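Residues per chain, in single letters:
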Amino acid sequence: DAGVIQSPRHEVTEMGQEVTLRCKPISGHDYLFWYRQTMMRGLELLIYFNNNVPIDDSGMPEDRFSAKMPNASFSTLKIQPSEPRDSAVYFCASSQFGTGANIQYFGAGTRLSVL
Amino acid sequence: QQQVKQSPQSLIVQKGGISIINCAYENTAFDYFPWYQQFPGKGPALLIAIRPDVSEKKEGRFTISFNKSAKQFSLHIMDSQPGDSATYFCAARVSGADGLTFGKGTHLIIQP
């Protein structure tokens, strides 16, 4: 398996623009997680899905952030409008129930820079 | 509120030495404690994990020590090698939930 695939790897945008980050989980995994990594706050859970249904979005910082999972093989994280403080590395991870839903496999991340 | 506190922030160890990273938590509902390893430009990868019903788990050169009463756990890397140079994160998961709460990470450098 190719692992969790995220795109783009790097994104540079201007403040106010819409940003869409994409994730393809490992085939057969039924949990998908979005995390954000910054120097100040470390790795933070933003939202996670189980069987394409959002379970906990309490980590989403504000209404400018939204996430969807239209099917088992694709998820998006959208920021609209983007702000400089959104600059971070965004990770997607997936896991499979039956492994205890504990082993989360991370993608390589999307480095977002908002100017 | 930082639910998992990790120290030190950075660590330099000589090749062949023992690297020790510590974490402490407050939430007694945590029931699973993994350690993740992250290399530059990569996502975190699971290294080793422990549940609170055991006090120690060893996999090769990596050992987790767990002290439930003190609400602390630590990662020991024996015979540290330059290839172990990476950022290490401790994490914890609340029973019944699935998202991980991470410590802020330790940047480990193994000097040849």
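Look above for the structure.
Residues numbered from 1 in each chain as written. Chains lettered and ligands numbered in written order. Predicted model: local features only at pLDDT ≥ 70, side-chain atom pairs only at ≥ 80, totals over all residues. Heavy atoms only, no water.

Colleague: Looking at this structure, how should I read the nonpolar core?
Modeller: It is characteristic of soluble globular proteins that their nonpolar side chains tend to be buried jointly. Counting residues in each nonpolar core, the largest one holds 23 residues, and the members touching the most others are B:Phe33, B:Trp35, B:Phe73, B:Leu75 and B:Tyr88. Every element with two or more residues in this core is listed here: strand E3 (19-25), strand E4 (30-38), strand E5 (45-50), strand E7 (62-67), strand E8 (72-77), strand E9 (86-94) and strand E11 (106-111) of chain B. For this core, the element with the highest residue contribution is E9(B), accounting for four residues. Filtering out sequence-adjacent residues up to four positions away, B:Tyr88 remains in contact with B:Gln6, B:Ile21, B:Tyr36, B:Gln37, B:Leu47, B:Leu75, B:Ile77, B:Gly105, B:Thr106 and B:Leu108. A:Val4, A:Met60, A:Phe65 and A:Leu112 belong to the second largest nonpolar core, which has 21 residues in total. (Core = buried A, V, L, I, M, F, W, Y, C linked by side-chain atoms within 4.5 Å. Buried < 20%, exposed > 50% of the residue type's maximum accessible area, 1.4 Å probe, protein only. Helix = DSSP H or I, 4+ residues; strand = E, 2+ residues; numbered from the N terminus. Contact = heavy atoms within 4.5 Å.)

Colleague: I tried to follow the interface of chain A and chain B on my own but got confused; where do I start?
Modeller: Frequently, the measure chosen for interface size is the accessible area that the parts lose on association. Listed by partner, the interface residues are 19 residues for chain A and 17 residues for chain B. Taken together, both faces of the contact between chain A and chain B bury some 1400 Å²; the carbon and sulfur share is 51%. Remark: the boundary between chain A and chain B carries zero salt bridges. The tally of links between chain A and chain B comes to five residue pairs in polar contact (both at pLDDT 80 or more). Counting only elements with at least two residues in the side of chain A that touches chain B, the list comes to strand E4 (31-38) and strand E5 (42-50) of chain A. Top element by residues in the side of chain A that touches chain B is E4(A). It accounts for four residues. Here the residues of the side of chain A that touches chain B are counted per class, giving 12 nonpolar, five polar and two charged. (Buried area = accessible area lost by both parts, 1.4 Å probe. Salt bridge = Lys/Arg side-chain N within 4 Å of Asp/Glu carboxyl O. Polar contact = N/O pair within 3.5 Å; in protein donor to acceptor, adjacent residues only side chain to side chain. Nonpolar A, V, L, I, M, F, W, Y, C, P; charged D, E, K, R; others polar.)

Colleague: Any chance you could explain the state of the cysteines here in plain terms?
Modeller: Each disulfide consists of a covalent bond between the sulfur atoms of two cysteine residues. Residues and elements named next belong to chain A. One pass over the structure, following the stated rule, counts two disulfides over all chains. Disulfide pairing is shown between Cys23 and Cys92; the S-S distance is 1.8 Å. Between Cys23 and Cys92, the S-S dihedral sits near -65°, and the bridge is therefore left-handed. Separated by 69 residues along the polypeptide, Cys23 in strand E3 (residues 19-24) and Cys92 in strand E9 (residues 88-95) bring together distant segments of the chain. Note on Cys92: relative accessible area 0%, which makes it buried. (Disulfide = S-S within 2.5 Å.)

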